[in-house]
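Examining the three-dimensional arrangement
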Amino acid sequence: MEKTEVEEQTKDEGQVVTPWQVAAKDSGKIDYDKLIDQFGCQRLDQFLIDRVHRLTSRPPHVFLRRGVFFAHRDFNDILDAYERGEKFYLYTGRGPSSESLHLGHLIPFMFTKYLQDAFKVPLVIQLTDDEKCMWKNLSVEECERLARENAKDIIACGFDITRTFIFSDFDYVGGAFYKNMVRVAKCVTYNKAVGIFGFTGEDHIGKVSFPPVQAVPSFPSSFPHLFSGKDNLRCLIPCAIDQDPYFRMTRDVAPRIGYNKPALIESSFFPALQGETGKMSASDPNSAIYVTDSVTDITNKINRYAFSGGQDSKAKQILYGANLEVDIPIKYLNFFLEDDEELEHIKKEYGSGRMLTGQVKERLIKVLTELVERHRRARAAVTDEMVDAFMAVRPLPNMFN
Amino acid sequence: MGQTYRASVRSIEKFSRSRKGRPSGFYVPKLFSVSPKPFFLSYLFGFSVLLFASHSKTQLNMGVTKDQLLSRLQELQIDYSKFEHPVVLTVEAQAEHVGDLGGGLSKNLFLKDKKSRFYIVSVLADTKVDLKVLSARLGLGKGGLRMAPEEALGEILQVPLGCVTPFALVNESARHVSLLLDQGFKSQERCFFHPLSNDVTIFPDPTYLLLLLALKASDLDKFLKSIGRDPAYVDLEANPSVGKDQPPDLASFVPSGSIAIPDPTENSTPSKGPSEKSVASTDIKSTKITANASKPSSRAQNAKDKPVKDVNPSGLTANVERFVEEILDKTSALLLSQITEETIKQHGAQLGTVLSNSIKSCLSSELNSTTMTFKNTAYTEGFHAGIHHHPKPKY
């Protein structure tokens, strides 16, 4: 019997990255180079970033500049088509397993918003409430409720309602969407699914039949109210790299049913406050910064729990400087501090010991507070009617303008 | 119909919040304490006050009365028996008076979470309720649940201290209160709950009797269904682990509407905008406005917006003048902060250009964010109008 993905990964590299499990080798750091080799995707190099800069006439997003989104599949083809005047659409999603979102959850959405604004293209957002119902054993009603609550936080990221369609699986699956699901399902044998996703004889049939649900939004014919007549429209999927297996399967199936392969642009993992080796866990509120955290919460969490690469004493710090490799505040600033020059300056000063941990943390707290505040203000302005409007099956007449 | 009345008065210990003995849900006003002698004097005082029934701050004349409740139970053909016992402080003491009636005594807690959502937790007297565990199971984190303040009893449940009961949900004011019932009730022949009460405070008084209704759990269900509530029984002693892979199992019990009670001690955040739809009284709104206005100035913008937005019952609207005012305020604040003696000396004639660049770089992302919100709000209003549009009939 074919070895499963998990078995293969553990044997070859020691680290395991699947949609349900992320573990580094020997509790160390994730080796992203090995991951790229193993998955078979490409590195996002400076050449591509410059190309994006040229095509969109605006500075590339922080996440591109800092290598947060570091891998891709066929992004070059998307850009080629865009240069020729052919548009594409974006597809991303969230599994609504909990009500409270932390900053790590927001990363793909922040990047997707940038892509939507920079390229002026439409976006579909899938809320996989059925997946969470099946994997987390929540009730259907609870998942539907969580999906709506998460939708509010997603909307607060600033998506343009005239270009965005949010849908939950429980509401939308059916019609043309379901027809594509069946087409995809027919192309994936049970053994193949077991190989990719690691299903066992004990897993219920819901899990086994789920992957097509996540695959199918990559095909424009799944959304007849949006893309009818545009069967050739390409799709770009910004996601975290652990979702790659789903889309590898999708890219494998696509040509067999006459569709374009979706392109991917993938991000690395957001570290927990306790460090790369720590796990962000819903039961430990101090492992991450939540969008509902107050200024006091953020200050406390960063000051007390953020893993520091600085030395134990001020004297040692001045002598040796900080270990930037493991320092969490520096990593977080890497994600969220817009100004490249300022970040370089901080890294230099901190690494050489001229700057202290406390100062770096102070800067981080300011940046995060501003971010969380802005998100909270935007979230407060999201009403149930707005969610209904985003989720309504309606035409988007100006989605490419 | 049985009637149990014990003539003996147990010495009543001074009530304290860090109580020994499990709370029976009876809260005795702290004015009255121990020994029998002042007790009887206060009894006279209390008795005469009870006659007037206008002692406390709130009038309960808006709530459903006890007689109305009893007649509704009769309409639903629910069999119940009435029992009486003197006011006591602990479940053990209560059991001494009515324990021989066989199980089913209830302990009722009225709880509140940090977002002003209320819960009635009704359990068998023996069931232990750990608020920390319950809080985690509801998805409120640790320590998210507290006992509700006394005012809430009167305002929301329309019951006096010591009489928390599932029957209080019949009141309109309690429509957002969530109810958790101990699954142990289902195995009892009958369960005991307080009916509603027109009285406002209860005094520890040997002659004053509290009424208890005994009915079958299935009949309680019937009643709850008749007021549009879905009775749900939960194992309240269970302690399942709550984590990333095991989400809070009672999360569906968290009410979606919150009730705004003027509570100056509470740390209310500005993000309560949408939930304030449920507030009807203008008094409560003005309390919220003053509470918001006292927040630090960095949130002044927000506080200014919030009360105005709340006036519209359907939620938030795309108000052009307010939007423009907000933009101009932010811009002028930035401008003023950047024009100082120093900067004039530093840049001289170039100050204009410098400032203009500064405004563009500092404000652009924030303004984009607020404008996108404005756009989305306007679209939503249009969409809403569209779906309710009555097309002209075409013949």
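Rules used throughout
Residues numbered from 1 in each chain as written. Chains lettered and ligands numbered in written order. Predicted model: local features only at pLDDT ≥ 70, side-chain atom pairs only at ≥ 80, totals over all residues. Heavy atoms only, no water. Helix = DSSP H or I, 4+ residues; strand = E, 2+ residues; numbered from the N terminus. Buried < 20%, exposed > 50% of the residue type's maximum accessible area, 1.4 Å probe, protein only. Polar contact = N/O pair within 3.5 Å; in protein donor to acceptor, adjacent residues only side chain to side chain. Contact = heavy atoms within 4.5 Å. Pairing = 2+ DSSP bridges. Patch = residues over 30% accessible without salt bridge, like charges linked within 9 Å, V, L, I, M, F, W, Y side chains within 5 Å. Areas by Shrake-Rupley, 256 points an atom, 1.4 Å probe, with all protein chains shown as cover. Salt bridge = Lys/Arg side-chain N within 4 Å of Asp/Glu carboxyl O. Axes fitted to C-alpha atoms, helices over the stretch in contact; angles between N-to-C directions.

What follows covers the side chain of Thr343(B). Residue and element names in this part refer to chain B. Residue position: Thr343 is located in helix H10 (residues 341-347). Accessibility expressed as a relative area gives 18% for Thr343, which makes it buried. Within polar-contact distance, the side chain of Thr343 engages the backbone oxygen of Gln338 at 2.8 Å. Every residue in contact with Thr343, bar those within four places of it in the chain, is listed here: Gln338, Gly348 and Leu351.

Turning to the sheet that holds strand S4 (residues 145-147) of chain B, a few remarks are in order. Spatially, S4-S2-S3-S5-S8 (chain B) is the arrangement adopted by the five strands of the open sheet, whose pairing is mixed. Edge positions in the sheet fall to S4 and strand S8 (233-234) of chain B, since each has one partner strand and no second.

All names here are of chain A. Tracing the backbone shows Met355 in the loop between helix H19 (340-352) and helix H20 (357-380). Among the residues examined, Met355 registers a relative accessible area of 14% and is labelled buried. On a C-alpha basis, the gap between Met355 and Gly310 in space is 9.6 Å, while along the polypeptide they are 45 residues apart. For Met355, the contacting residues outside a window of four places in its chain are Gln317, Ile346, Glu349, Tyr350 and Val360.

Moving on, we get to the side chain of His375(A). Residue and element names in this part refer to chain A. Mapped onto the elements, His375 comes out in helix H20. On the basis of relative accessibility, which here comes to 8%, the residue His375 falls in the buried class. At a separation of 2.9 Å, a polar atom in the side chain of His375 contacts the side chain of Asp153. In this structure, His375 is in contact with Leu106, Asp153, Ala156, Cys157 and Val291, ignoring residues within four places of it in sequence.

Right, let's talk about a nonpolar patch on the surface for a bit. The grouping of Leu335(B), Leu336(B), Ile339(B) and Ile344(B) at the surface amounts to a nonpolar patch, some 350 Å² of accessible area in total. Mapped onto the fold, Leu336(B) is located in helix H9 (residues 320-338).

Attention now moves to the sheet that holds strand S6 (residues 123-127) of chain A. All names here are of chain A. A sheet is described by the order of its strands in space; here seven strands give the open sequence S3-S4-S9-S8-S5-S6-S7, paired in mixed fashion. Whereas interior strands pair on both sides, the edge strands pair on one side only; in this sheet they are strand S3 (42-43) and strand S7 (164-168). Pairing of strand S8 (residues 234-240) with strand S9 (residues 263-267), which is carried by five bridges, proceeds in the parallel orientation. For Cys239, the partnering residue across the bridge sits in S9 and is Glu266. Lying over the sheet, helix H15 (residues 244-253) contacts strand S4 (69-73), strand S5 (88-94), S8 and S9, oriented at roughly 170° with respect to S9.

What follows deals with helix H18 (residues 328-336) of chain A. Side chains that are three or four residues apart share a direction in an α-helix, a result of its 3.6 residues per turn. All names here are of chain A. Across the nine residues of H18, nine count as buried, placing the element largely inside the fold. Every buried residue belonging to H18 is among Ile328, Pro329, Ile330, Lys331, Tyr332, Leu333, Asn334, Phe335 and Phe336, and all of these are buried. Buried residues in H18 make contact with helix H4 (62-65), helix H6 (103-119), H19 and H20. One side-chain oxygen at the N-terminal end of H18 lies 2.9 Å from the backbone nitrogen of Ile330; it belongs to Asp327.

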